[in-house]
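Below, each chain spelled out in residue letters.
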Amino acid sequence: MKTLIQGGNVVLKDRIEKCDVLIEDGIITGIGSGLEGDEVIRASGKTVIPGIIDMHVHLREPGFEGKEDIASGSLAAVAGGVTQVCCMPNTDPVCDNAVVVNYIINRAKQVDLCKVRPIGAITRGEQGESLADIGKMAQAGIVAISDDGRSVMNSNIMRLAMEYASDFGLKCLCHCEDKTLVDGGVVNEGYNSTLCGLKGQLRAVEDIMICRDICLSRSLDIPVHICHVSTYSGVDIIRAAKADGVKVTAETCPHYFALTDDIITSFDTYTKVSPPVREERDRLAVIEGLKDGTIDCIVTDHAPHSKKDKEVEYNLAAFGMSGIETSFAVSYTYLVKTGALTLPELMRKMSYEPAKVLGLEGGEICEGGVADIAIVDLDADYVVDGEKFLSKGKNTPFNGCRVWGKVLKTLVDGKVKFDAEKL
Amino acid sequence: MFKSKDLLGLLHVSAEEISETLNLAHEYKLKIKAGQKKFSDLSGKTLVTLFYENSTRTRTSFELAGKYLGAHEVNISASSSSVQKGESLIDTGKTLAALGTDFIAIRHPMAGAPHLLAKTVGVSVLNGGDGMNEHPTQALLDMLTMHETFGSLKGLKVAILGDIKHSRVAKSNLFGLSKMGAEVWVYAPRTLMPVGFDALGAHIARSREEAIAGANVVMGLRIQLERQSGGLFPSLSEYSRFYGVKDDMLSIAAKGAIIMHPGPVNRGIELTPSLIDGADSRIEDQVTSGLCVRMAALRLIAEYREKNGL
């Protein structure tokens, strides 16, 4: 069957063109005008974007199904225009062996919404002590390794992991946090942490480990990827490393370019995240890093939590924000509407570059490419209300914020997996 | 009357509210000094003190404030309650609300805990100290003692020396005193000075002498002994030598300067014994002030509750 997306403003690699997109057997077979299909999706006045590839997501299954599971997380993903997610291994049990990898892949197939690509742990149990079964997990289908949620503090273990993983074509995704320097900090250390008496973390907590992992990458000549960059100084470090030819790539999240730590003074635990949201100077530097290519990717670090984990004292609350349903709208509102990026540039950060970093399919709308596509209405605005999320995690810091860019339909391999009209 | 059902901190309290509290507290103080310990302002109301940290002064004075005003008064310690069984703060608050509690005075080791409680229950919450955030009734009592000594707070130089970083007392005093037109100077080892304290309105002194010179009030802050094991300073003797207030230092303060300390004092560490027990010390008067400002705060919140049908 031929499906035709008709008359939309199609976001191609470097431009937007008003045209049709023809899909056959899950593959894009034509881009142009006057094409014909058996099934027609009218997209006139709407915008057709490559399906978002969110390479940093917590689906929580197995083990923390009260926060999220593969079904609810996948549904939330397609509702956010996301066609492919890479899920972090800090589940229970930890995804540090092929059995858990297989479980996730099989569950995702049953759910059959977005594509789910597991990330394996670097070390057994994410304990930072001995390497996980990286080879067996690679065979089972992981797309990268990470001990996300913490850094591998032992630099020799990290070195060995990078070397061993490179044999299997896998990259390390580095959560950068020097745990000896955190000292109980729960927010950014600065004016606002002093104002409200919450213990702060220095930027150096993150920067030290960014430096360490870049140094390893440079010494070993092995590519490395830095997760969720939040500090202005971290952006500077990565920019300098890239200029020196180090094979480093980096990602950031919507909350780091849309928010500052002014939000913590309400003691709203939905603002608690690791690394913490920082100051205006950091926010602007992250945007600058996105503009000049220092930061390659935008991811969500979607970290759903149950009410029980959040409706407690700030210090006791879990770190993390539920973000997969709002990532496109927040990014469009704070980056494209402000003129920082063009829409094609934004979609490269949200789709093409993540695919390139991890060697995944998809990432652009092109003939011969997989038909992972979302249709959005850029003129439709709405006020974020986490209680309406399809994710089990209602913990968004964007509650009450007006954003533009509503996801109307999401197609995975050419099949409609989300339709806003049918909600 | 307060403009809110709760007293969570002085950050959002106006100069008018502070003045009203101090005036009322002063009236109570005169009556108590005259021997009156029985009032009916809170008769029929219930006050619960919910303390997740140890305390002598704050807890006892909240308790007595409630009793003197005629309220029913119950004390809950985290160590002897359902909190030990893992009950959440919100559930504890809901339980107390269901028992008909009107006021909860809470002390908690974590910043924002009273705010969480206040948001969840209709009970009025009085913050008796939350982590490194605020301790509003302590600052009010300090201001009462200063106001009674000098007749006004406007133009006073208040020097606060000690562990500023972990001190909710310093912060509430900074907020309150700044609003009342006083100048707050702070001095601490760099490891105990929080970032951005100048942006909050404090003057950061570069030496003990700079802080104390011309000061009307010299306030020492308690140094928690566990800070030493945390590596924030090398030893108590070193702390005392470089950061303690010594007898001869008062000579550079303003004429008639007073010595204050929120207590409990580590004698000979923050302040010398002769300063603590000397004629310029107001440390005992601070305790009496504490009782009176808590009575005043309870009464003003009760008025708010009555007016708003709570």
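Residues numbered from 1 in each chain as written. Chains lettered and ligands numbered in written order. Predicted model: local features only at pLDDT ≥ 70, side-chain atom pairs only at ≥ 80, totals over all residues.

1. A few points about the overall build of chain A
Next, step 1: On a plain count of helices and strands, chain A comes out with 13 helices and 17 strands.
Next, step 2: A compact globule built from 423 residues should have a C-alpha radius of gyration of about 22 Å, and chain A, at 20 Å, falls within 12% of that.
Next, step 3: By principal-axis analysis of the C-alpha atoms, chain A measures approximately 60 × 45 × 45 Å.
Next, step 4: For chain A, the proportion of its 423 residues judged to be buried stands at 59%.
Next, step 5: Within chain A, counting contacts between residues at least 6 apart in sequence, those at least 24 apart form 75% of the total. (Helix = DSSP H or I, 4+ residues; strand = E, 2+ residues; numbered from the N terminus. Rg over C-alpha atoms; globule rule 2.2 N^0.38 Å. Buried ≥ 20, exposed ≤ 12 C-beta atoms within 10 Å, placed from the backbone. Contact = placed C-beta atoms within 7 Å.)

2. What to know about the nonpolar core
Next, step 1: Formed by 124 residues in total, the largest nonpolar core has its most connected members in Val48, Ile142, Ile145 and Ile226 of chain A.
Next, step 2: Element by element, the count of residues in this core is highest for helix α13 (residues 343–358) of chain A, at 8 residues.
Next, step 3: Looking at which domains feed residues into this core, each of domain 1 (2–46 + 409–422) and domain 2 (51–364 + 380–404) of chain A gives three or more.
Next, step 4: Ignoring any residue separated from it by four or fewer positions in sequence, one finds isoleucine 226 of chain A in contact with Cys174, Cys176, Ile210, Asp213, Ile238, Val248 and Ala250 of chain A.
Next, step 5: Counting residues in each nonpolar core, the second largest holds 104 residues, with Ala113, Leu153, Val218 and Leu275 of chain B among its members. (Core = buried A, V, L, I, M, F, W, Y, C linked by C-beta atoms within 7 Å. Domains from an automatic or database assignment.)

3. Quick notes on the domain arrangement of chain B
All names here are of chain B.
Next, step 1: One can read the domain layout of chain B as domain 1 (15–134 + 287–307) and domain 2 (136–285).
Next, step 2: Measuring from the centre of the C-alpha atoms in domain 1 to the corresponding centre in domain 2 gives 25 Å.
Next, step 3: Every contact between the two is made by 23 residues of domain 1 and, on the other side, 19 residues of domain 2.
Next, step 4: Broken down by element, the residue count for the side of domain 1 that touches domain 2 peaks at 8 residues, all from helix α11 (residues 283–307).
Next, step 5: Of the residues assigned to the side of domain 1 that touches domain 2, the class counts are 10 nonpolar, 9 polar and 4 charged. (Nonpolar A, V, L, I, M, F, W, Y, C, P; charged D, E, K, R; others polar.)

4. Quick notes on unusual backbone geometry
All names here are of chain A.
Next, step 1: A cis geometry characterises the amide bond from glutamate 61 onward to proline 62, with omega recorded as 5 degrees.
Next, step 2: Note that the residue after aspartate 92, namely proline 93, is joined by a cis bond; omega there is 5 degrees.
Next, step 3: When you line up the elements, proline 93 lands in the loop between β7 (82–87) and α2 (98–111).
Next, step 4: Notably, glutamate 126 is not glycine yet its phi reads approximately 55 degrees, a positive angle.
Next, step 5: Looking at the secondary structure, you find glutamate 126 in the loop between β8 (115–118) and α3 (134–140).
Next, step 6: Here the phi dihedral of aspartate 183 falls at roughly 50 degrees; this positive angle occurs in a residue that is not glycine.
Next, step 7: The topology assignment puts aspartate 183 in the loop between α5 (179–182) and β10 (187–188).

5. A few points about α11 of chain B
One turn of the α-helix equals 3.6 residues, which is why residues spaced by three or four share an orientation.
Next, step 1: Here α11 of chain B spans 36 Å end to end across 25 residues, near enough to the 36 Å set by a 1.5 Å rise per residue.
Next, step 2: Immediately beyond the C-terminal end of α11 of chain B, within one or two residues, lies glycine 309 of chain B, with a positive phi of roughly 65 degrees. (Expected span 1.5 Å × (residues − 1).)

6. Some points on the environment of alanine 25 of chain B
Next, step 1: Looking at the element boundaries, alanine 25 of chain B is found in helix α1 (residues 15–33).
Next, step 2: The contact partners of alanine 25 of chain B, leaving out residues within four places of it in the chain, are Leu144, Ser289, Cys292, Val293, Met295 and Ala296 of chain B.

7. Looking at the domain arrangement of chain A
All names here are of chain A.
Next, step 1: Per the domain assignment, the segments of chain A are domain 1 (2–46 + 409–422) and domain 2 (51–364 + 380–404).
Next, step 2: For domain 1 versus domain 2, the separation of C-alpha centres amounts to 30 Å.
Next, step 3: Listed per partner, the contact involves 10 residues of domain 1 and 12 residues of domain 2.
Next, step 4: Only β16 (402–412) and β17 (415–419) provide two or more residues apiece to the side of domain 1 that touches domain 2.
Next, step 5: Of the residues belonging to the side of domain 1 that touches domain 2, the class tally is 5 nonpolar, 1 polar and 4 charged.

8. Quick notes on the confidence of the model for chain B
Next, step 1: For chain B, the average pLDDT comes to 95, and 98% of its residues sit at 70 or higher.
Next, step 2: Both confidence scores are given for the complex: pTM 0.95, ipTM 0.92. (pLDDT = per-residue confidence, 0-100.)

9. Observations concerning the interface of chain B and chain A
Many descriptions give the size of an interface as the accessible area lost when the pieces come together.
Next, step 1: Residue-level contacts link 21 residues of chain B with 14 residues of chain A.
Next, step 2: Mapped by element, the contributors of at least two residues to the side of chain B that touches chain A are α3 (89–98), α4 (113–120) and α6 (168–179) of chain B.

10. As for the sheet that holds strand β6 (residues 52–57) of chain A
Residue and element names in this part refer to chain A.
Next, step 1: Pairing in this open sheet of 3 strands is parallel, and the strands run β6-β7-β8 from one edge to the other. Single-partner strands in this sheet number two, and they are β6 and β8. Here the strands of the sheet are splayed against their neighbours by 20 degrees on average, with no regard to which way each runs.
Next, step 2: Relative to β7, β6 is paired through 4 bridges, and the arrangement is parallel. Across the sheet, the residue bridging to isoleucine 52 is valine 82, located in β7.
Next, step 3: Where α13 meets the sheet, its contacts fall on β6 and β7, and the angle it forms with β6 comes to roughly 60 degrees. (Pairing = 2+ DSSP bridges. Axes fitted to C-alpha atoms, helices over the stretch in contact; angles between N-to-C directions.)

11. A few points about the sheet that holds strand β4 (residues 124–130) of chain B
Think of a sheet as strands paired side by side through backbone hydrogen bonds, with each pair either parallel or antiparallel.
All names here are of chain B.
Next, step 1: In space, the 4 strands of this open sheet follow the order β2-β1-β3-β4, with parallel pairing throughout. Edge strands, defined here as strands with exactly one partner in the open sheet, are β2 (72–77) and β4. Looking at each pair of strands side by side, their axes are set apart by 15 degrees on average, direction ignored.
Next, step 2: Relative to β4, strand β3 (residues 103–108) runs parallel, the two sharing 5 bridges.

12. Thoughts on the environment of tyrosine 164 of chain A
Residues and elements named next belong to chain A.
Next, step 1: Secondary-structure assignment places tyrosine 164 in helix α4 (residues 155–167).
Next, step 2: The class for tyrosine 164 is partly exposed, based on 16 C-beta atoms found within 10 Å.
Next, step 3: Apart from the residues lying within four places of it in its own chain, the contact partners of tyrosine 164 are Leu131 and Ile134.

13. So, helix α8 (residues 232–243) of chain A
Residues and elements named next belong to chain A.
Next, step 1: Counted at 1.5 Å a residue, the expected span for α8 with its 12 residues is 16 Å, and the 17 Å between its end C-alpha atoms agrees.
Next, step 2: Buried residues along α8 sit against α7 (204–220), β12 (224–226), β13 (248–252) and α10 (280–291).
Next, step 3: Following α8 by one or two positions, glycine 245 adopts a phi angle in the positive range, close to 90 degrees.

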